[in-house]
Amino acid sequence: MNTTEMKTIGFADVEFKSSVLDNTRHLGCRVFHATTEDTIIQMCQAGLTLNTGDNVWQFVRESQPSESIYQVCCQDNRVAVHIPKGECPKGENVQSVALFHADKLTKVNQNDLAVALACFIELGFDPLDAMTLGLAWMTQQARAAGAGWPEDRTWFPTTHFSGDHVMGEEAEFSPIRKDLFTLYPVVDTVEWLALVLEQGVTTAQLRIKDPNDPELKSKIQQAIALGQQYGAQVFINDYWELAIEMGAFGVHLGQEDIEVADLTAIQAAGLRLGISTHGYFEIMRAFNLKPSYIALGHIFPTVTKDMPSQPQGVIRLGQYVALIKGAYPTVAIGGISGERLPKVKATGVDAIALVTAITRASSPKAATQSLLQAMTEKGAPHAALCE
Ligand SMILES: Cc1ncc(COP(=O)(O)OP(=O)(O)O)c(N)n1
Ligand SMILES: Cc1ncsc1CCOP(=O)(O)O
Ligand SMILES: [Mg+2]
């Protein structure tokens, strides 16, 4: 934990019982009987509620769409969260029911869950990340593995949205070569791609954001050919259909992209798949697809893309990397410069993706070379992280 400040949470009803109350101190939180805290757990006629100041959670038997309340429905070891309409950052198309399966618990105790959820929300996590962490923390305790910060993915729930694509049991995406997965420039022209490959880059991405670009097809074709020429892993951002048609090495897709792409077709065609994530819920959601790598972002503020989420910082990056390590290769993205690279690398992340550190450098060739060198230099892995 990176803070010594104790967070306080109140429960309004003196009769309120939870077996994890004392253990919240391991997270830097204190939950006690009070009626005046900003974050408060209380019983009302409709059932258990948690008011965090920013949002209200209600534990219900059957959920129904609501404009303003997060509704939590617990059944055995499964939890469904109905996300209020007003909370969907991207509007109507966003999926509204998040599902969690804590398969190493027999039953989710809703009082314990309210406490765990309150703690992780107080610690600054987004709602679905707080739920993911809360269930991991409860499972870890139920399995006598301590009450400290949940790091071991064994205890994490599986997560998905209702309506998510389900991959076949055996299906997984082709692997990447990890020895070639170091500096990962993301560029928007074939010229930039050629420049970075000439400097010795071994993994790169073509990211063209205009789907009406009249030369889109030809640019993708040239990017694939350059990848083959240099023996590099070239990913195509977004345009998975063209990537399949033209035999690309791989595609990169974001959280909304995976809802519409034909993942089975991408996998069956042998293309590698990289997936963007922005927190615990999305990381566990990405696990379901058995991708070729998981991208973690955005780490620092970025000028390249409008981000609905907050920058994650290197402390959280380190926690995500620890969670994923050994399962999938990881790449960090967002606001990473040459100066910031060493502390990002110290988290143990496999690769570092960047745009402006190269495209806005006074000498892009020299910048690429020095970034490549910095990636291969032996630093102190997992050195003390300070932001
Ligand atoms: C390596 C890497 N990480 C993240 C992204 C972002 O993908 P996405 O969230 O789909 O956003 P767009 O790039 O499509 O705007 C990426 N492209 N590459
Ligand atoms: C595409 C993308 N996805 C998350 S941050 C980002 C842009 C990264 O660009 P930069 O390295 O210039 O911050
Ligand atoms: Mg995308």
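Since the model is a prediction, treat every value here as computed from it, not as a measurement.

With that settled, consider the overall build of the protein. For the protein, the helix and strand inventory stands at 12 helices and 17 strands. Scaling as 2.2 N^0.38, a compact globule of 387 residues should have a C-alpha radius of gyration of about 21 Å, and the protein matches this with 22 Å. Dimensions of the protein, computed from the C-alpha atoms along their principal axes, are close to 70 × 40 × 35 Å. Burial status across the protein gives 43% buried among its 387 residues. A separation threshold of at least 6 residues defines the contact pool for the protein, and within that pool the share at least 24 residues apart is 56%.

An α-helix turns once every 3.6 residues. As a result, residues three or four positions apart point the same way. Helix length check: helix α1 (residues 110-122), at 13 residues, gives a terminal C-alpha distance of 18 Å against a target of 18 Å (1.5 Å per residue), a fit within 8%. Taken across its 13 residues, α1 has 11 buried, putting it largely inside the fold. Residues of α1 that are buried include every one of Asp 112, Leu 113, Ala 114, Val 115, Ala 116, Leu 117, Ala 118, Cys 119, Phe 120, Ile 121 and Glu 122, and no others. Phi for Gly 124, located one or two positions after α1, is positive at around 100 degrees.

Moving on to the site of ligand 2. Close to ligand 2 lie 14 residues, the nearest being Thr 302, Thr 304, Gly 334, Val 355 and Thr 356. Tallied by class, residues from the shell around ligand 2 come to six nonpolar, seven polar and one charged.

Before going further, it helps to spend a moment on the nonpolar core. Counting residues in each nonpolar core, the largest one holds 111 residues, and the members touching the most others are Leu 117, Ala 118, Val 251, Val 331, Ala 332, Ile 352 and Ala 353. For this core, the element with the highest residue contribution is α1, accounting for nine residues. The residue makeup of this core includes at least three contributed by each of domain 1 (7-161) and domain 2 (178-376). Once residues lying within four places of it in the same chain are set aside, the contact partners of Val 331 are Tyr 184, Tyr 293, Ala 295, Val 349, Asp 350, Ala 351, Ile 352 and Ala 353.

Taken as a whole, the protein is organised into domain 1 (7-161) and domain 2 (178-376). Taking the mean C-alpha position of each, domain 1 and domain 2 sit 33 Å from one another. Contributing elements (two or more residues each) for the side of domain 1 that touches domain 2: α2 (127-142) and β9 (158-161). The element contributing the most residues to the side of domain 1 that touches domain 2 is α2, with four residues. Split into classes, the residues belonging to the side of domain 1 that touches domain 2 amount to six nonpolar, four polar and five charged.

Looking at the secondary structure, you find Gln 310 in the loop between β15 (293-296) and α9 (313-324). On the basis of neighbour counts, which here come to 13 C-beta atoms within 10 Å, the residue Gln 310 falls in the partly exposed class. When the C-alpha positions of Gln 310 and Ile 224 are compared, they lie 33 Å apart, and in sequence the two are 86 residues distant.

Take the sheet that holds strand β17 (residues 351-354) next. Strand pairing within a sheet occurs via backbone hydrogen bonds; the two strands may be parallel or antiparallel. Read around the closed barrel, the eight strands follow the order β10-β11-β12-β13-β14-β15-β16-β17; overall the barrel is parallel. Across the sheet, the mean angle separating the axes of adjacent strands is 25 degrees when strand polarity is ignored. Where strand β13 (residues 250-253) and strand β14 (residues 272-277) come together, four bridges link them in parallel fashion. Each residue of the ladder has a partner; that of Leu 253, found in β14, is Ile 275. Each of β11 (203-206) and β12 (233-237) touches helix α4 (residues 216-230); the most contacted strand, β12, lies at about 160 degrees to it.

The next subject is the site of ligand 1. Around ligand 1 sit 17 residues in total, of which Gly 254, Ser 276, Ala 295, Ile 333 and Ala 353 are the nearest. At the level of elements, β13, β14 and β16 (330-333) are the ones that each hand at least two residues to the shell around ligand 1. Of the residues contributing to the shell around ligand 1, the split by class is six nonpolar, seven polar and four charged.

Calculation rules
- Residues numbered from 1 in each chain as written.
- Chains lettered and ligands numbered in written order.
- Predicted model: local features only at pLDDT ≥ 70, side-chain atom pairs only at ≥ 80, totals over all residues.
- Helix = DSSP H or I, 4+ residues; strand = E, 2+ residues; numbered from the N terminus.
- Rg over C-alpha atoms; globule rule 2.2 N^0.38 Å.
- Buried ≥ 20, exposed ≤ 12 C-beta atoms within 10 Å, placed from the backbone.
- Contact = placed C-beta atoms within 7 Å.
- Expected span 1.5 Å × (residues − 1).
- Near = placed C-beta within 6 Å.
- Nonpolar A, V, L, I, M, F, W, Y, C, P; charged D, E, K, R; others polar.
- Core = buried A, V, L, I, M, F, W, Y, C linked by C-beta atoms within 7 Å.
- Domains from an automatic or database assignment.
- Pairing = 2+ DSSP bridges.
- Axes fitted to C-alpha atoms, helices over the stretch in contact; angles between N-to-C directions.

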